[in-house]
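Each chain, written out:
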Amino acid sequence: MTTKPARPVATARPAPAPKVVEKDASMLKQKAMMAAHYDRLSDAPETGAKVCSTFVPGNLNELVMCFDLLNNLPEVNAIQSGLRRQSGSYVLEAEKIGHSEDVCTYVKSDLGMMAKGNIGPNGRRLPDPDVLLLSYTGCFTFMKWFELLREQYKCPTIMLHTPYMGDGKITPNMIQYMVKQLKEEVIPALERVSGVKFDIDRLREYLKKSAEAEDDLVWVLQSARKRPSPIDAYFGGIYYIGPIFGAFRGTDDAIDYYRFLREEIADRLAKGEGPVTPDGDMGSERYRLVVEGPPNYTNFRQFWKMFYDEGAVVVASSYTKVGGTYDLGFRHDPAKPLETLAEYCLGVYTNRSLPMRVEMLSKYVEEYEADGLLINSIKSCNSFSAGQLLIMREVERRTGKPAAFIETDLVDPRYFSAANVKNRLDSYFQMIEQKRGGARPVKEAAA
Amino acid sequence: MKTFVGIDLGSTTTKAVLLDEGGAVLGRGITNSRSNYGTATRVASEEARIDARFTLFRRELQGAREASDIDEFLGALERAFRLEQFLEQLADLEQTCLAQIQGERFETAADGVREVLAEVFRQLRAEAPALFAPGAKRKSDFFRDLAGSRYLAIAEDVARAAGVPYNLVVNVYDKSIIAVENRPPSGNLSEKFRRALDRMLAGGSASGAGAREVQGPIERALGIDLDETWLVGTGYGRVTLPFSKEHIRSEILCHGLGAHMMYPNTRTVLDIGGQDTKGIQVDPRGIVENFQMNDRCAAGCGRYLGYIADEMNMGLHELGPMAMQSDKPARINSTCTVFAGAELRDRLALGEKREDIIAGLHRAIVLRAMSILSRSGGVSDEFTFTGGVAKNEAAVRELRKLVQENYGEVTINIDPDSIYTGALGAAEFARRAAAGEAAPTELAGDVS
Amino acid sequence: MSTGSNGKANGHPSAAQIVERAQALYEDLSFTSARRWKSADESRKVVGYMPIYVPREIVHAAGALPLGILGGGDQMEVIHGDAYYQSYICRIPRSTIELGVTGRLDFVDGMLFPSICDVIRNLSGMWKLMFPQVYVRYFDVPQNYADEIGGNYYANELSELREDLGRLAGREITDDDLRRSITIYNENRRLVRELYRLRAECPWNAPAPEVYLVLRAGLVLPVEEHSAMLRDYIAAARAEERPIRDNCRVVVTGVFCEQPPLNLIKSLELAGCYVVDDDLMLVTRWLTEDVPTDGDPLQNLAAAFLHHSENTAAKYEPDQGKKGKYLVEAVRRSGAEGVIFASPSFCDPALLERPMLQHVLKDAGIPYIAFKYAENSGQMQPIREQAGTFSDSIKLWSGA
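Given the structure is predicted, the values throughout are model-derived calculations rather than measurements. (Residues numbered from 1 in each chain as written. Chains lettered and ligands numbered in written order. Predicted model: local features only at pLDDT ≥ 70, side-chain atom pairs only at ≥ 80, totals over all residues. Heavy atoms only, no water.)

Q: Please explain helix H13 (residues 354-367) of chain A as it appears in this structure.
A: One turn of the α-helix equals 3.6 residues, which is why residues spaced by three or four share an orientation. Compared with the 20 Å implied by 1.5 Å per residue over 14 residues, the 20 Å span of H13(A) between its first and last C-alpha is a close match. Listed in full, the buried residues belonging to H13(A) are A:Leu354, A:Met356, A:Arg357, A:Val358, A:Met360, A:Leu361, A:Ser362, A:Tyr364 and A:Val365. (Helix = DSSP H or I, 4+ residues; strand = E, 2+ residues; numbered from the N terminus. Expected span 1.5 Å × (residues − 1). Buried < 20%, exposed > 50% of the residue type's maximum accessible area, 1.4 Å probe, protein only.)

Q: Hey, could you run me through the interface of chain B and chain C in this one?
A: It is common to report an interface's size as the accessible area lost on association of the parts. In this complex, chain B contributes 17 residues to the contact, which on the side of chain C involves 18 residues. Interface area for chain B against chain C, summed over the two sides, is near 1500 Å², with a carbon-plus-sulfur share of 40%. Linking chain B with chain C are one salt bridge. Across the salt bridge formed by C:Glu77 and B:Arg363, the nearest N and O atoms sit 2.5 Å from each other. Summed over the shared surface of chain B and chain C, the result is eight residue pairs in polar contact (both at pLDDT 80 or more). Looking at the side of chain B that touches chain C, the elements that each hand over two or more residues are helix H11 (337-349), helix H12 (354-376) and helix H13 (393-407) of chain B. The biggest single contributor to the side of chain B that touches chain C is H12(B), with six residues. (Contact = heavy atoms within 4.5 Å. Buried area = accessible area lost by both parts, 1.4 Å probe. Salt bridge = Lys/Arg side-chain N within 4 Å of Asp/Glu carboxyl O. Polar contact = N/O pair within 3.5 Å; in protein donor to acceptor, adjacent residues only side chain to side chain.)

Q: Could you clarify how one ought to interpret the side chain of A:Ser81 in this entry?
A: Residue and element names in this part refer to chain A. Take serine 81: it is sitting in helix H3 (residues 74-83). By relative accessible area, which is 0% here, serine 81 ends up buried. Those residues in contact with serine 81 that lie beyond four places of it in its chain are Gln86, Ser87, Tyr90, Ser109 and Met113.

Q: Which parts of the structure should I look at to understand the nonpolar core?
A: Among soluble globular proteins, nonpolar side chains are generally buried collectively. In this structure, A:Leu63, A:Tyr106, A:Phe307 and C:Trp127 are the most contacted members of the largest nonpolar core, which totals 315 residues. At ten residues, the largest contribution of residues to this core is made by helix H7 (residues 172-194) of chain A. Dropping the residues within four chain positions of it, A:Phe307 is found in contact with A:Phe235, A:Leu289, A:Ala312, A:Val314, A:Leu374, A:Leu425 and A:Phe429. (Core = buried A, V, L, I, M, F, W, Y, C linked by side-chain atoms within 4.5 Å.)

Q: How should I be thinking about the confidence of the model for chain C in this particular structure?
A: Residues and elements named next belong to chain C. Here chain C averages 95 in pLDDT, while 97% of its residues score no lower than 70. Predicted confidence for residues 1-9 stays below pLDDT 50, and this span has ten contacts to residues more than four positions away or in other chains. The complex model carries a pTM of 0.89, and its ipTM stands at 0.94. (pLDDT = per-residue confidence, 0-100.)

Q: Can you help me understand the sheet that holds strand S2 (residues 69-72) of chain A in this one?
A: Picture the strands of a sheet paired through backbone hydrogen bonds; they go either parallel or antiparallel. All names here are of chain A. If you walk across this open sheet you meet the four strands as S2-S1-S3-S4, and the pairing is parallel. At either margin of the open sheet sits one strand with a lone partner, and together these are S2 and strand S4 (157-161). Each strand axis lies, on average, 25 degrees off the axis of its neighbour in the sheet, ignoring direction. Bridge count for strand S3 (residues 131-136) against S4 is five bridges, and the pairing is parallel. Across the sheet, residue leucine 133 finds its bridge partner in S4, namely isoleucine 158. (Pairing = 2+ DSSP bridges. Axes fitted to C-alpha atoms, helices over the stretch in contact; angles between N-to-C directions.)

Q: Would you mind going over the environment of B:Leu152 with me for this structure?
A: All names here are of chain B. In this structure, leucine 152 sits in helix H4 (residues 143-162). For leucine 152, a relative accessible area of 28% translates into the label partly exposed. Along the backbone, leucine 152 and tyrosine 263 are 111 residues apart, and their C-alpha atoms lie at a distance of 44 Å.

Q: Can you help me understand the interface of chain A and chain C in this one?
A: Taken together, the contact pairs 56 residues of chain A with 56 residues of chain C. The tally of links from chain A across to chain C stands at five salt bridges. The partner of A:Asp167 in a salt bridge is C:Arg137, with the nearest N and O atoms 3.7 Å apart. For the pair chain A and chain C, the interface holds 33 residue pairs in polar contact (both at pLDDT 80 or more). Looking at the side of chain A that touches chain C residue by residue, the class counts come to 22 nonpolar, 18 polar and 16 charged. (Nonpolar A, V, L, I, M, F, W, Y, C, P; charged D, E, K, R; others polar.)

Structure representation (structure tokens):
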């Protein structure tokens, strides 16, 4: 009897012909918003707008807007540099001027970008900040980062210290401490820098808008509970969180965007469609994952492709909670404007204790009916990474679902080894498949 | 008959395993990976098919002769066959070398080089039988290793005597060897076996007495077609494996399954290879439950021992025995390959004994492996240790000690052929895939 | 192991005897002396703490023994600890976990994890998950130095700690308990400062490895015993007449958390550098002035923290003009000629702080070198070479 030709040599799938991918409309809208903001920043020297640099976790955008300040986020700049493949040279530049190869690459990407002319993603120079709002939440490195920037810019620097939720709870002492800092130091300093008098009603107005957009964001993120998930809550989620984690929270733009996004996702949901990927619609959903940790930006597309090529969709992620844990119920509350800002800062993901993180991730695995937890461990970020191997073990134990561990970096391309990552991912996917009890279907490669 | 092939493409060697329909191992083959995975795959599976023939010979001969006779006979046949194959590749090398004699630099020396080549290959052929004589030790079975050093040694003398520039003779060799290596022996295998048998019989070897009666079984075995029903490839280089997606399985899964097939009670597998270290937990069916690998830093893998051997000017295989001489291993805290050399020199300069340092290095590697095991979920009974480092007695000694200290009494399995673990698992995946394949296809046909 | 009593000749132990005892404590990874202390009375509790600072007075006031946990050093093999950390994370949390999972800390009733960096911060949560029977607290401190803001917050944190430790010890911690403990620690800090002054004056008589060991003993001994040891050592070192070497004088900085191997400290001196100040074990002298013993003890501890405490990378410096000046002051105060930045590999606070400190030193015309280490570094040759070259260049420069 004759058998099928078994020799598979050189029958690898031909690379798909480059096709024009219809981007989802929400993404185009998001990109336009981000571009407009970068232009506002670049225009600042002409418009006379003052610039406040701050961080994504603990971003007090509503407050910043009360003083007519433009919000500039060095973290987001570093991400943009990563996506544009500039970060590698920025990191090297920072190391050249004396920064250790061991330390956070976000910081080095930012410092290297400054050293090389501070050119933003729009190809134009980013303005020097008029004030550094050191909203110190969930990461010690933030403090050093802004001390380093202060050394360079010699501009006023305002510390807002957020205590860590070491015992898994927010105490009245923490809230009082933060509200006091806001009242007695942060707000007066912002008034001095901006020349604008603080108006608490203006803050309330912004906070109300924040909450409205937050509702829609949560709806979108939780749509991933459905099968198939209409979104990828990690790779796609990164686009969704852009406006609300950045300079748009509290604006009408954000309300519009999240309403629009929600409608778009509702539509996909109604049609039973899966997520949109850079190569168009994803094929059938085969693996549902919860992902812990930031993504890699230097090889973002390649990284994402390793998932969607295998039908793996991320249904929940912790990274999309670094700028606020809205899905756990928090909303900005105009009724208690300063307290709500404090609570917001206290609740961001990286300010949560390890037991809280384990709890949250385990809950995600269960509520989103995931096949397991994948940790992308980032060389750069000790706040995320230190302890992740225990998190993995604990979530595995609690959920009974297999977990896996890969290692990359946010913006340092030296820490992204495609073969290494793919090796582990494929092993993980095949392990899930095998554990389901069925042999891997052989014919799906044609899909 | 149907056969199922597993290929494990490693960074240094490529392994192939051939299974029959019942899941029994028919043959195994290994070759150096070169820079060409396609060729390495072809050569390794060819080697596995050759090995499979010997299995089939044995099956045919069984009952007809005494077991010890069969061993002796097959041993002789294999030597004769290897010699045949070697001579064939030698002929290929000679032709290839001759074809290289062209161009400006050979303008005046071409004839001289040709004469030298003729003499060199005459000598190589003449000494070839001794290479495959009973009891002869070959440092390697790869053609390049066997032919290369002898070619260069003989050529130096011959060229000098002939007054031909040695570098020209080396040059033609260098240009030819890769081509020859990448051109696996192509001749008809059965014919080669027959020639080998003839050579044996003509040589009147010990088995000659009953020679005639073996020809029947041998011919019957040669008459069996080995169909390659399905193939699965694995290996760290999988991203560039020369197979399509449905023919690829993760090395972790292959390794876990392979270890399970060798030792069905395996629950934990440790593999220390050249580039990475893996800790794998498998369930009673050989399904992977958890795995961990060393991170992007390759410290503490087999390659580290390679650096140390180079640094000490020793052979890789001498390290283990030297470490065994130590009863007081030095405490080495870094398994960083970048610092290995410096740390070594520093310690030697401080007067520490070589064997203690080397023993300390072995312990350091095993400590790292213990951490990876701990990360993957610890060590459960039974524990199977595979990979190149599993052949190193000093590493094994430390591992036994540490496993005992940390996990108590655990059965530790080490198979001398553990290098084939991944390929074995891959072959089993191939067997299962082929078994499960028909159904979905037919089903799909029915539905549509 | 020698003890304080059997080492005494003429009533006073020699420097060598004291150091021998301190070294035995240092090498004992099972914390035998703390175990012995605890077993003497079954009501006794032991509360571990990591760098950089905790108010040991409160632990002491609860009748408990504060026990400094500084990792496993270079003599402990780490197997399970490594299983919890990626290669790019420093060593101290690994070896600390190893201490925990191998039962070496099984007598410790509570663990305090100070606010020093994200790694130690996260370790507090890991400890909660791994050792649920142990009282664990992440000890947060303010980065705001106004009495009404950071001060109030900190006093409340201290008050929570006081309640927790009181519960752990099974007794209420009264203000008088606290005042008594503050007095005892004031004395201990005075002695530590005196030891540091002595070394700065005549480093040949109080070599860095000895000072290190004597200081380190204070992390495992009851404070009263440690003060006695300090007194004895200071007296003995004063009386020594050791040969003066032609060494340069340096301040070592960056060593505030993960410990440099003892060999590293020895290597610096062998290479020609007298260490005249450092930021080792800052907890022993974190509060730079006596804490008042009258009034509200917690308010006093809070005020001391806000206004009279050491500067280091883990603390925010609100005033750019003052940034890093503490290091220049340390150089001036100790009469040092240069600074050695010794930073643990992957230590974010030390390594991110380093360039800023270097800029300040550069402006002040103070020379420096920098290298990294790990608590288990085995290789000292490169460090000896660098320190030796540094020493030579300083001597050449000052001789010119």
